[in-house]
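Each chain is listed here by its residues.
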Amino acid sequence: AGLWTVFTLGGVGSKPSPQLEHCSPLANQSLLLLLVLANLTDAPDTPNPYRQAIMSFKNTQDSTAFSSSNPHAFQINFNSLYTALCEQQKSDQATLLLYMLLHQNGNVRTYVLARTDIENLV
(Lines give C-alpha, C1' and ligand atoms only; values in the text may rest on other atoms or scores of the structure.)
Protein backbone atom coordinates (compact mmCIF):
# COMPACT_ATOMS: atom_id res chain seq x y z
CA ALA A 1 0.00 0.00 0.00
CA GLY A 2 2.90 2.37 0.73
CA LEU A 3 4.44 1.88 -2.71
CA TRP A 4 1.07 2.45 -4.37
CA THR A 5 0.74 5.71 -2.41
CA VAL A 6 4.06 6.86 -3.86
CA PHE A 7 2.92 6.05 -7.39
CA THR A 8 -0.32 7.95 -6.90
CA LEU A 9 1.58 11.04 -5.70
CA GLY A 10 0.78 10.37 -2.05
CA GLY A 11 -2.55 12.13 -2.25
CA VAL A 12 -1.09 15.27 -3.85
CA GLY A 13 -2.91 16.68 -6.86
CA SER A 14 -6.32 15.77 -8.11
CA LYS A 15 -7.62 12.26 -7.78
CA PRO A 16 -9.29 10.62 -10.75
CA SER A 17 -13.02 10.97 -10.52
CA PRO A 18 -14.74 7.83 -9.21
CA GLN A 19 -16.84 7.77 -12.38
CA LEU A 20 -13.78 7.61 -14.67
CA GLU A 21 -12.01 5.08 -12.48
CA HIS A 22 -15.13 2.94 -12.12
CA CYS A 23 -16.00 2.68 -15.81
CA SER A 24 -12.51 1.74 -17.03
CA PRO A 25 -10.28 0.43 -14.25
CA LEU A 26 -8.19 -1.69 -16.64
CA ALA A 27 -7.50 1.30 -18.89
CA ASN A 28 -6.58 3.43 -15.87
CA GLN A 29 -4.18 0.80 -14.50
CA SER A 30 -2.69 0.20 -17.96
CA LEU A 31 -2.01 3.90 -18.41
CA LEU A 32 -0.31 4.07 -15.01
CA LEU A 33 1.84 1.06 -15.89
CA LEU A 34 2.81 2.59 -19.24
CA LEU A 35 3.84 5.84 -17.54
CA VAL A 36 5.94 4.02 -14.95
CA LEU A 37 7.67 1.84 -17.55
CA ALA A 38 8.34 4.74 -19.91
CA ASN A 39 9.91 6.80 -17.12
CA LEU A 40 12.32 4.17 -15.83
CA THR A 41 15.93 5.28 -16.02
CA ASP A 42 18.13 4.05 -18.83
CA ALA A 43 20.76 1.43 -18.12
CA PRO A 44 24.35 2.47 -18.99
CA ASP A 45 24.57 0.02 -21.89
CA THR A 46 20.95 -0.12 -23.10
CA PRO A 47 18.29 2.59 -23.40
CA ASN A 48 14.82 2.11 -21.95
CA PRO A 49 12.85 0.24 -24.67
CA TYR A 50 9.53 1.66 -23.49
CA ARG A 51 10.80 5.23 -23.76
CA GLN A 52 12.27 4.42 -27.19
CA ALA A 53 8.87 3.15 -28.32
CA ILE A 54 7.09 6.27 -26.98
CA MET A 55 9.60 8.49 -28.78
CA SER A 56 9.37 6.79 -32.15
CA PHE A 57 5.86 5.55 -32.94
CA LYS A 58 4.17 6.88 -36.08
CA ASN A 59 0.71 7.51 -37.44
CA THR A 60 -1.00 4.67 -39.32
CA GLN A 61 -2.38 7.25 -41.74
CA ASP A 62 1.09 8.59 -42.58
CA SER A 63 2.03 7.92 -46.20
CA THR A 64 5.79 7.71 -45.58
CA ALA A 65 7.41 4.29 -45.47
CA PHE A 66 7.47 2.58 -42.09
CA SER A 67 11.05 1.88 -41.06
CA SER A 68 11.59 -1.45 -39.34
CA SER A 69 15.17 -0.61 -38.36
CA ASN A 70 14.00 0.41 -34.89
CA PRO A 71 12.96 -2.76 -33.01
CA HIS A 72 10.58 -0.75 -30.81
CA ALA A 73 8.80 1.08 -33.63
CA PHE A 74 5.07 0.68 -34.12
CA GLN A 75 2.15 2.57 -35.63
CA ILE A 76 -1.03 3.88 -34.06
CA ASN A 77 -3.98 5.89 -35.34
CA PHE A 78 -3.25 9.44 -34.17
CA ASN A 79 -6.84 10.54 -34.66
CA SER A 80 -8.07 7.91 -32.17
CA LEU A 81 -5.26 8.79 -29.76
CA TYR A 82 -6.07 12.51 -30.00
CA THR A 83 -9.79 11.86 -29.42
CA ALA A 84 -9.08 9.67 -26.39
CA LEU A 85 -6.68 12.24 -24.90
CA CYS A 86 -9.25 15.01 -25.38
CA GLU A 87 -11.92 12.96 -23.59
CA GLN A 88 -9.68 12.03 -20.65
CA GLN A 89 -8.06 15.38 -19.82
CA LYS A 90 -9.74 15.38 -16.42
CA SER A 91 -7.31 12.73 -15.22
CA ASP A 92 -3.73 13.45 -14.20
CA GLN A 93 -2.49 10.31 -15.93
CA ALA A 94 -3.84 11.29 -19.35
CA THR A 95 -2.42 14.79 -19.00
CA LEU A 96 0.98 13.36 -18.10
CA LEU A 97 0.86 11.03 -21.12
CA LEU A 98 -0.03 13.97 -23.37
CA TYR A 99 2.85 16.01 -21.93
CA MET A 100 5.27 13.14 -22.46
CA LEU A 101 4.10 12.56 -26.04
CA LEU A 102 4.31 16.24 -26.97
CA HIS A 103 7.84 16.56 -25.60
CA GLN A 104 9.32 13.24 -26.69
CA ASN A 105 7.60 12.29 -29.94
CA GLY A 106 7.98 14.72 -32.82
CA ASN A 107 5.35 12.88 -34.87
CA VAL A 108 2.68 13.44 -32.21
CA ARG A 109 3.74 17.05 -31.69
CA THR A 110 3.48 17.77 -35.43
CA TYR A 111 0.07 16.10 -35.62
CA VAL A 112 -1.36 18.01 -32.63
CA LEU A 113 -0.05 21.36 -33.88
CA ALA A 114 -1.60 20.71 -37.30
CA ARG A 115 -5.06 20.08 -35.82
CA THR A 116 -7.65 22.81 -36.29
CA ASP A 117 -9.61 21.81 -33.18
CA ILE A 118 -6.81 22.14 -30.64
CA GLU A 119 -9.17 23.99 -28.29
CA ASN A 120 -10.73 20.58 -27.49
CA LEU A 121 -7.43 19.51 -26.03
CA VAL A 122 -6.73 22.76 -24.20
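Cut-off values and rules
Residues numbered from 1 in each chain as written. Predicted model: local features only at pLDDT ≥ 70, side-chain atom pairs only at ≥ 80, totals over all residues. Heavy atoms only, no water. UniProt positions renumbered as here; feature names shortened; annotations may be inferred. Axes fitted to C-alpha atoms, helices over the stretch in contact; angles between N-to-C directions. Helix = DSSP H or I, 4+ residues; strand = E, 2+ residues; numbered from the N terminus. Parallel < 35°, antiparallel > 145°, perpendicular 65-115°, else oblique. Contact = heavy atoms within 4.5 Å. Nonpolar A, V, L, I, M, F, W, Y, C, P; charged D, E, K, R; others polar. Polar contact = N/O pair within 3.5 Å; in protein donor to acceptor, adjacent residues only side chain to side chain. 1 Å grid on protein atoms, 1.4 Å probe; cavity = no way out; pocket = protein on both sides within 12 Å on 5 of 7 lines; lining within 4 Å. Points joined across faces, edges and corners; volume = space filled by probe spheres on them.

In the nomenclature of an unreviewed UniProt entry, the protein corresponds to Dymeclin from the organism Rynchops niger. Annotation of the protein in UniProt includes, under Sequence similarities (unreviewed entry), the sentence "Belongs to the dymeclin family."

At a minimum axis distance of 7 Å, the contact between helix H3 (residues 25-38) and helix H4 (residues 49-56) shows a crossing angle of 105°. Between H3 and H4, the angle falls in the class roughly perpendicular. From H3, Leu34, Leu37 and Ala38 reach across to H4, where they touch Tyr50, Arg51 and Ile54. Tallied by class, the residues present in the contact of H3 with H4 amount to 5 nonpolar, no polar and 1 charged.

Take the side chain of Ser56 next. Following the sequence through the fold, Ser56 ends up in helix H4. Apart from residues no more than four positions distant in its own chain, Ser56 is found in contact with Asn70, His72, Ala73, Asn105 and Asn107.

This brings us to the side chain of Asn105. Positionally, Asn105 belongs in the loop between helix H6 (92-104) and helix H7 (106-114). For Asn105, the side chain forms a polar contact with the main-chain nitrogen of Asn107, separated by 2.9 Å. Beyond its immediate sequence surroundings of up to four residues, Asn105 is in contact with Ile54, Met55, Ser56, Phe57 and Met100.

This brings us to empty space enclosed by the protein. Applying the stated criterion across every chain yields a total of 1 cavity of 30 Å³ or more. Estimated volume of the largest cavity: approximately 50 Å³. Lining the largest cavity, in full, are Phe78, Leu81, Tyr82, Leu85, Val108, Tyr111 and Val112. Considering each element in turn, the lining of the largest cavity owes the most residues, 4 residues, to helix H5 (residues 78-87). Taken together, the residues that form the lining of the largest cavity break down as 7 nonpolar, no polar and no charged.

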